[in-house]
Amino acid sequence: MYRNMRLLNDIVDNTPLPIAVYSGDDLKIELANAAMIRTWGKGNDVIGKNYLDVLPEIKTEDFFEQASIALKTGVPFHGNNKKVDLVIEDTLKTHYFNYSFIPLVDPQGNIYGVMNTGIDITDLQLARQQIQSSDERLRIAIDSSGIGTYEIDLASREIKTCGNFNSIWSADKDISNEELIAKLHPEDLAVREKAHQDAEVTGKISYETRIIHDDQSVKWAKITGKIIKDENGVPTTIIGIIQDINEQREFEEELQKQVTVSTQELRRSNDDLLHFANVVSHDLREPVRKIKIFNTLLKNEKDTEFNENCKKYIHKIDQSASRMNNIIEGILNYSTMNKINQPIENIDLNEVIESIKTDLELIIKEKGAIFNSCELPEIEGAPILITQLFYNLLQNALKFSKANQPPRVIITCSASTLNGEAIKIMIKDNGIGIEPAFAERIFGAFERLNSKDQYEGNGLGLSLCRKIAERHHGTITAKGEKDNGMEFTVTLPLKQSTMLEEYV
């Protein structure tokens, strides 16, 4: 008998489940195992004391009443997820318990005590609360984002939805997959079918579709989903979201309309520009040519003696006519350059420079200009455009020379890269130069930094140079100092990939 009692006491004392036994109206503590003593946190000296004396902080709770009723009636009481604030080591801490008060009955059927068992589920309850809190935050985030979520059981075809799914799809709470598909715009059914076929390989569903609402209005939505498979690789579930993209689609369509209109207007403007260039070419050239001819005839009139003022006026007319002709030529070249597809050819830059020097032979001799050029490579491009590019640069070097100093033009080159092999060509002169702040401005159309009376030109030469360089997928930059010359750097690819069409 003693051995059995000792065994029972050892079992109760060593079990991790908190156990205590109370008796009498004051619930005197007759037994408390180590687990219960640790739970109370009041020290080991609790046997023989009353329940509420040991745990005064729970007087406002209903534990005492529940235990007393079980002791008097013999009916057990079970409680779940009970929140209790216990003072442990002078600190009030919140705990959660599943607990029971079980009446103890002797062989004669008399109730002599009540056994209290409990399980501390604080960690479990806090984890559950955290999950609930996370779920609630997620639900709020989904609702506020305007998206809806869905989950399809592929075996039962049951659909679970939340968020804005039903409002976006214009669906009732309980709706089948077939009914959802029936709301899709007929022209988008093939898009959905293709997305699901692709998902069999990728595991992901993504497509945009129009949904026909009950009032026959049509709204755009984006459907995204993922196929979930079991351990055998068999698809079991589709989980995804639906997003209202109607405003985005309407914006894109409106933007596309505006782009189309702008493109048409730009094309019309370009056509007008080309027409204008043709007018310039055919209608303005002839009057200017006649002005020059008649002015020459007047100047060479032998029977008329002109005084100095008349000679000056005739010279001014000739200068103005020449300047007008330059402007006409510049506008024509500038406006029509992008309208012509140029075939790619191999170009020997040395031959280009020599031919330009031949064209400029008279002004070179007149000014005593000196040219010093390195050996240049072959490149691919449009010969007429490349010649125009370097003609303008070399002519500028001669035009903007100093009055008291022969022009000196030095051409050097080095290897470079522009999405492939390229050549960098530097053209440096000793002319009047420019302020460094104007180094980029000079490439603007009709931009002139010097007096038109002192230096002829139409202000389009360098702008045309930049267009030609960019059309060849290259670059051109300038630097200089006032009264200390200019240096232009042209970088051009050695190879061109396609025919030189309009380059923007």
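It should be noted that the structure appears before, not after, this text.
Residue indices follow the written sequence of each chain, beginning from 1 at its first position. Note on the predicted model: pLDDT of at least 70 is required for a residue's local features to be given, and 80 or more for side-chain atom pairs to be given and counted; whole-chain, interface and lining totals, by contrast, use all residues. The side-chain figures draw on all heavy atoms in the structure; neither hydrogens nor water molecules are used.

1. Let's talk about the packing of aromatic side chains
Whether two aromatic rings pair depends on their centres lying within 6.5 Å, for rings of Phe, Tyr and Trp, where Trp uses its six-membered ring; planes under 30 degrees apart make the pair stacked, over 60 edge-to-face, and the rest tilted. For the structure on display, the rule yields five aromatic pairs. Ring centres of Phe63 and Tyr99 lie 5.0 Å apart, and the angle between their planes is 65 degrees; this geometry places the pair in the edge-to-face category. Taken as a pair, Phe63 in helix H4 (residues 63-73) and Tyr99 in strand E4 (residues 91-105) lie far apart in primary sequence, 36 residues in all. With respect to class, Phe63 is no different from Tyr99; both count as buried. Considering the side-chain rings of Phe77 and Tyr99, the 6.1 Å spacing of their centres and the 40 degrees angle between planes classify their relative orientation as tilted. With Phe77 in strand E3 (residues 77-88) and Tyr99 in strand E4, the pair connects residues that are 22 residues apart, well separated along the chain. One aromatic cluster is present, built from ring pairs that chain together Phe63, Phe77, Tyr99 and Phe101. Taking NZ or CZ as reference, Lys82 lies 5.7 Å from the ring centre of Phe63, over its face. A ring is scored as having a charge over it whenever the NZ atom of a lysine or the CZ atom of an arginine sits within 6 Å of its centre and within 35 degrees of its normal. The ring of Phe443 has Arg466 lying over it, and the distance from NZ or CZ to the ring centre is 4.1 Å. Put simply, DSSP H or I for four residues or longer makes a helix, DSSP E for two residues or longer makes a strand, and each gets a number counted from the N terminus. The rule is simple: take the accessible area with a 1.4 Å probe, protein chains only, and divide by the maximum for that residue type; under 20% is buried, over 50% is exposed, in between is partly exposed.

2. Re the pattern of salt bridges
Any two side chains of opposite charge can pair, so long as their charged atoms come close to each other. For this document, the term salt bridge refers to a Lys or Arg side-chain nitrogen within 4 Å of an Asp or Glu carboxyl oxygen. Counted according to the given criterion, the structure contains 15 salt bridges. Note that Glu57 and Lys42 form a salt bridge whose closest N and O atoms lie 2.8 Å from each other. Taken together, the residues Glu57 in the loop between helix H3 (51-54) and H4 and Lys42 in the loop between helix H2 (34-40) and H3 connect sequence positions 15 residues apart. Of the residues examined, Lys42 reaches a relative accessible area of 28% and is grouped as partly exposed. Its salt-bridge partner being Arg210, residue Asp188 comes within 3.0 Å of it at the nearest N-O pair. Of this pair, Asp188 sits in the loop between helix H7 (177-182) and helix H8 (189-202) while Arg210 sits in strand E8 (residues 204-212), and the two are 22 residues apart along the sequence. We note that Asp188, like Arg210, is buried. When salt bridges with common partners are traced through the structure, they connect Glu61, Asp62 and Lys82 into a single cluster.

3. Comments concerning the nonpolar core
It is characteristic of soluble globular proteins that their nonpolar side chains tend to be buried jointly. Here, nonpolar core means buried Ala, Val, Leu, Ile, Met, Phe, Trp, Tyr and Cys residues that are tied together by side-chain atoms lying within 4.5 Å of each other. The biggest cluster of nonpolar side chains holds 39 residues, and the ones touching the most others in it are Leu389, Phe390, Leu393, Leu394, Ile476 and Phe488. For this core, the elements supplying multiple residues, two or more each, are helix H11 (349-359), helix H13 (383-399), strand E14 (408-417), strand E15 (421-429), helix H14 (461-471), strand E16 (475-480) and strand E17 (486-493). Here this core takes eight residues from H13, the largest share from any one element. Should any heavy atoms of two residues lie within 4.5 Å, those residues are considered in contact. Those residues in contact with Leu389 that lie beyond four places of it in its chain are Cys465, Ile468, Ile476, Val490 and Leu492. Residues Val46, Ile58, Ile88 and Tyr99 belong to the second largest nonpolar core, which totals 24 residues.

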